[in-house]
2 protein chains.
Amino acid sequence: MEPVSPEQVADFRRFNRCLTRRIGALDDHYLGQDRPLGEARLLFEIAEREGPDGVSLRELRSRLGLDAGYLSRMTKTLRAQGLVRLSVHTQDSRLRTVRLTRAGRAEVTEQNRRADSLAAGVLGRLDPGGRARLTEAMATTRRLLRLAAITVERVDGHHPDARACLDAYADDLDVRFPEGFDRTDLVGAEEVSGAAGAFFVAYEEGRPVGCGALLRQAAGTGEIRHVWVHADARRLGLARRVLDTLETEALRRGWTVVRLDTHAALTEARAMYRSAGYTEIPAYDDHVYADHWFEKRLSR
Amino acid sequence: MEPVSPEQVADFRRFNRCLTRRIGALDDHYLGQDRPLGEARLLFEIAEREGPDGVSLRELRSRLGLDAGYLSRMTKTLRAQGLVRLSVHTQDSRLRTVRLTRAGRAEVTEQNRRADSLAAGVLGRLDPGGRARLTEAMATTRRLLRLAAITVERVDGHHPDARACLDAYADDLDVRFPEGFDRTDLVGAEEVSGAAGAFFVAYEEGRPVGCGALLRQAAGTGEIRHVWVHADARRLGLARRVLDTLETEALRRGWTVVRLDTHAALTEARAMYRSAGYTEIPAYDDHVYADHWFEKRLSR
DNA sequence: CCGTTCCTTTGACTAGAGTCAAAGAACCAT
DNA sequence: ATGGTTCTTTGACTCTAGTCAAAGGAACGG
């Protein structure tokens, strides 16, 4: 890809320096008041992850990347402060489940209130136009930083991450299609392996957040299927990135045309394909869920 | 001022959370490799502040806000690693001067190279359009966060910060005006005190970075003078903010018209006044440095 | 020249953050 | 049932980061 210009690198680093200097004022965790940072972080994580049955120490440990002993001790002090309750996991009694007590919940709410008012204080020093521009620029920064942190990797069709993506994809379609979606329509693992095709998964911090499949359709022609992005990772431009990856892979295989079909319900997808250079063509198959067919001629 | 909308607060906090999570990858200091964070920070600060005669421990201490003992010990370990040299200050032998050795300089350069390549790595995962949008959004975020962190405060005309600003202002004008600038033209401390007028200084992290004066000109009319912004704080919209503050102060005093004059050399200033709602009027004085005269009718 | 103030060094602490290893209880596959 | 694995707890550490106070040398003001 094109090299990164030194000016952009300099801008990037200026931003980092500026932010790490101000991070004290920005970081929610510094609002942990008299509580040590580690505990404050843990408390927030519990509040965030806690389901109806609380959250297991194991999950917290992997989320926060903490040492088991360290975590055990910290939860002990939180318990001593009356902020959390510990109990044995209902399914697996090796695990402990943590949940917030009423006092713990109140504490978290209070911290959030404080962080909100701090943020409002900063924004309040700008005029309304400035506020709008700042929040807009922050949102753009966040979106693009997230996108830059996501990697798209080729995985085997049998890989659990591939199957997990396809499952989630099927669930999404089942909701969106008025007629529902039948999972037997999904590609088989062999169809996207070896010379037949390829499967790609997008990872954000190790978590699969998107996918896409490429299959051989005819000599020199590939078919793109199952381009999907997790709800949490939408509006980042990730689908476009997956598409780029699939096209690059097609070219690598010497396929100069790619096609795809899509359902009438997926209007944003159609817009995306058009803006990515795809043109609508007549039906090339009689696929149940297909209402629109697209094609793109690849070059270079 | 208008209240801050909850959506904007939420956006702001999402940004903070996202950034503190990624800060490990962004923060230059985390590149200090095997060196403790404190030492790495110190090393960078020395590199940044070091003049031809090095930099005094005293200055480092106040810049970084460190305990004297802590600083002393850290410089000792840096010295033991051969990265800095310590010597007695030439003017005041109570002070110690630190300067980087060749090895220290090499270390800093290497860290910078590493930080650059890390930044380039992140940017490189975006397409050129995304890179441009990201660096642009980062720059906007930085500018507006800086602006929001600046406070504009009324100070007495005799206050050292007021005099320092006027000195810097005079130096700037002396360079920009073809005919030079005579400091006796500056307002006296009494002209901006009490009922006669007011003087405002803009502070960024305790450092004066801008100023503006308001003087009574005639009944119900104020004159704005000496609106100045430090070179480091330009292009943030600070002049506009100072101007707003002066107008608010004028209104508070019941003055419904403010006027100002400006020199032909200051083209950006003229544009700024126009966009702030000032209209050009005929000369209202025969001030030496005045070529253009502006007026604004204040309301509410 | 004398007392006060300023700057640095040193010693003696504390608290937070985190690591490592051992051990016990529970689960799982065979 | 049994051996291996997983999860949590506990004890014993280490390393940073930072505070506080005492002390000594240098500068400064009168």
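Residues numbered from 1 in each chain as written. Chains lettered and ligands numbered in written order. Predicted model: local features only at pLDDT ≥ 70, side-chain atom pairs only at ≥ 80, totals over all residues. Heavy atoms only, no water.

A short note on the overall build of chain A
Right, so step 1: Summing up its helical and strand segments, chain A has nine helices and ten strands in all.
Right, so step 2: Dimensions of chain A, computed from the C-alpha atoms along their principal axes, are close to 70 × 55 × 35 Å.
Right, so step 3: Sequence separation of 24 or more characterises 59% of the internal contacts of chain A that already satisfy a separation of 6 or more.
Right, so step 4: When the accessible surface of chain A is totalled, it reaches about 15100 Å², and 49% of it is carbon and sulfur.
Right, so step 5: Here chain A carries 47 positive and 45 negative side-chain charges, and the mean point of each set is 7 Å from the other. (Helix = DSSP H or I, 4+ residues; strand = E, 2+ residues; numbered from the N terminus. Contact = heavy atoms within 4.5 Å. Areas by Shrake-Rupley, 256 points an atom, 1.4 Å probe, with all protein chains shown as cover. Lys, Arg positive; Asp, Glu negative; His and termini not counted. Charge placed at Lys NZ, Arg CZ, Asp CG, Glu CD.)

Re the environment of Glu295 of chain A
Residue and element names in this part refer to chain A.
Right, so step 1: Tracing the backbone shows Glu295 in strand E10 (residues 292-297).
Right, so step 2: Linking Glu295 and Tyr273, residues 22 residues apart in sequence, is a C-alpha distance of 9.1 Å.
Right, so step 3: Excluding its chain neighbours within four sequence positions, the residues that come into contact with Glu295 are Val257, Val258, Arg259, Gly277, Tyr278, Thr279 and Ile281.
Right, so step 4: In this structure the side chain of Glu295 is engaged in a polar contact, spanning 3.0 Å, whose partner is the side chain of Arg259. (Polar contact = N/O pair within 3.5 Å; in protein donor to acceptor, adjacent residues only side chain to side chain.)

Brief notes about the domain arrangement of chain A
Right, so step 1: Looking at the assigned domains, one finds that chain A contains domain 1 (6-125) and domain 2 (150-297).
Right, so step 2: Its C-alpha centre places domain 1 of chain A at a distance of 37 Å from the equivalent point of domain 2 of chain A. (Domains from an automatic or database assignment.)

Remarks on the pattern of salt bridges
Residue and element names in this part refer to chain B.
Right, so step 1: This structure, assessed with the given rule, holds 44 salt bridges over all chains.
Right, so step 2: Here Arg63 makes a salt bridge to Glu59, at a shortest N to O gap of 3.8 Å. One end of the pair is Arg63 and the other is Glu59, both in helix H3 (residues 57-64) and four residues apart, which spans about a single turn.
Right, so step 3: Looking at Arg63, the relative accessible area reads 45%, which means it is partly exposed.
Right, so step 4: On the accessibility criterion, Glu59 (31% relative accessible area) is partly exposed. (Salt bridge = Lys/Arg side-chain N within 4 Å of Asp/Glu carboxyl O. Buried < 20%, exposed > 50% of the residue type's maximum accessible area, 1.4 Å probe, protein only.)

Structural notes on the protein's contact with DNA strand C
Right, so step 1: DNA strand C sits among 21 residues. The nearest are Leu37, Tyr70 and Ser93 of chain A together with Arg58 and Arg73 of chain B.
Right, so step 2: When atoms of DNA strand C within 4 Å of the protein are sorted by moiety, sugar and phosphate together comprise 69%.
Right, so step 3: Contacts to DNA strand C include Tyr70 of chain A, whose side-chain N or O atom sits 3.1 Å from a phosphate oxygen.
Right, so step 4: Among the secondary structure elements, those contributing two or more residues to the surface near DNA strand C are helix H2 (37-49) and helix H4 (68-80) of chain A together with H3 and helix H4 (68-80) of chain B.
Right, so step 5: When residues in the surface near DNA strand C are grouped by element, the largest group, five residues, is from H4 of chain B. (Near = heavy atom within 4 Å.)

Side note on the pairing of strand E6 (residues 207-218) of chain A
A regular strand places its side chains on the two faces of the sheet in alternate fashion.
All names here are of chain A.
Right, so step 1: Both strand E5 (residues 197-204) and E6 contribute to a ladder of eight bridges, which runs antiparallel. When the sheet's bridge partners are listed, Ala202 is paired in E6 with Gly210.
Right, so step 2: Relative to strand E7 (residues 221-229), E6 is paired through seven bridges, and the arrangement is antiparallel. Counterpart to Ala213 in the pairing with E7 is Arg225.
Right, so step 3: Counted along the chain from E6 to the antiparallel partner E7, the turn is two residues long, and its residue Gly220 has a positive phi close to 75 degrees. (Pairing = 2+ DSSP bridges.)

Here we look at the interface of chain B and chain A
Right, so step 1: Chain B puts 55 residues into the contact, and the matching count from chain A is 56 residues.
Right, so step 2: Its largest share of buried area at the contact with chain A, chain B owes to Phe12, Arg13 and Arg22 of chain B, together 12% of the area lost on that side.
Right, so step 3: Put simply, chain B and chain A have two salt bridges between them.
Right, so step 4: Between Arg13 of chain B and Asp116 of chain A there is a salt bridge; the shortest N-O distance is 3.0 Å.
Right, so step 5: The tally of links between chain B and chain A comes to nine residue pairs in polar contact (both at pLDDT 80 or more).
Right, so step 6: Secondary-structure elements contributing two or more residues to the side of chain B that touches chain A are helix H1 (6-26), helix H5 (102-124) and helix H6 (128-149) of chain B.
Right, so step 7: Counting residues per element, the side of chain B that touches chain A draws most heavily on H6 of chain B, at 18 residues.
Right, so step 8: Within the side of chain B that touches chain A, the residues separate by chemical class into 27 nonpolar, nine polar and 19 charged. (Buried area = accessible area lost by both parts, 1.4 Å probe. Nonpolar A, V, L, I, M, F, W, Y, C, P; charged D, E, K, R; others polar.)

Some points on the packing of aromatic side chains
Right, so step 1: In the structure shown here, the tally under the stated rule is 13 aromatic pairs over all chains.
Right, so step 2: For the pair Phe177 of chain B and Phe181 of chain B, a centre-to-centre distance of 6.1 Å together with 70 degrees between the ring planes defines the contact as edge-to-face. This pair shows no difference in class: Phe177 of chain B is buried, exactly as Phe181 of chain B is.
Right, so step 3: Within the aromatic cluster, the residues linked to one another by ring pairs are Tyr169, Phe177, Phe181 and Tyr289 of chain A.
Right, so step 4: The residue whose ring lies beneath Arg259 of chain A is Tyr284 of chain A, and the NZ or CZ to ring-centre distance is 5.5 Å. (Phe/Tyr/Trp six-rings, centres within 6.5 Å; stacked < 30°, edge-to-face > 60°. Lys NZ or Arg CZ within 6 Å of the ring centre and 35° of its normal.)

Digging into the protein's contact with DNA strand D
Right, so step 1: Around DNA strand D sit 20 residues in total, of which Arg58 and Arg73 of chain A together with Leu37, Tyr70 and Ser93 of chain B are the nearest.
Right, so step 2: Each atom of DNA strand D within 4 Å of the protein was classed as base or backbone; sugar and phosphate made up 67%.
Right, so step 3: Secondary-structure elements contributing two or more residues to the surface near DNA strand D are helix H3 (57-64) and H4 of chain A together with helix H2 (37-49) and H4 of chain B.
Right, so step 4: Of the residues forming the surface near DNA strand D, the biggest block, five residues, is contributed by H4 of chain A.

Overview of the side chain of Glu223 of chain A
Residue and element names in this part refer to chain A.
Right, so step 1: For Glu223, the position within the fold is in strand E7.
Right, so step 2: Of the buried charged residues, Glu223 lacks a salt bridge, with Arg225 as the closest side chain of opposite charge at 4.6 Å.
Right, so step 3: Residues contacting Glu223, with those up to four places away along its chain left out, are Ala213, Leu214, Leu215, Gln217, Arg259, Asp261, Tyr284 and Asp285.

As for the sheet that holds strand E9 (residues 279-281) of chain B
Adjacent strands of a sheet form backbone hydrogen bonds with each other and so pair up, either parallel or antiparallel.
All names here are of chain B.
Right, so step 1: Read across the open sheet, the seven strands follow the order E4-E5-E6-E7-E8-E10-E9; overall the sheet is mixed. Strand pairing shows two members of the sheet lacking a second neighbour, strand E4 (151-155) and E9, which therefore form its edges. On average, each strand axis in the sheet is tilted by 30 degrees relative to the strand beside it, whichever way the strands run.
Right, so step 2: One ladder, built from three bridges, connects E9 with strand E10 (residues 292-297); its direction is antiparallel. (Axes fitted to C-alpha atoms, helices over the stretch in contact; angles between N-to-C directions.)

Some words on the relation of the copies chain B and chain A
Right, so step 1: Aligned on chain A, chain B shows an RMSD of 0.3 Å; the corresponding rotation is 180 degrees and the shift along the axis is 0.1 Å. Viewed as a symmetry operation, the transformation between the two copies matches a two-fold axis. When C-alpha distances to the rotation axis are compared across chain B, the minimum falls at Ala137 of chain B, with a value of 2.4 Å.
Right, so step 2: Most of the interface of chain B is mirrored in chain A, where 100% of its interface residues are also at the interface. (Least-squares fit on C-alpha atoms with pLDDT ≥ 70 in both.)

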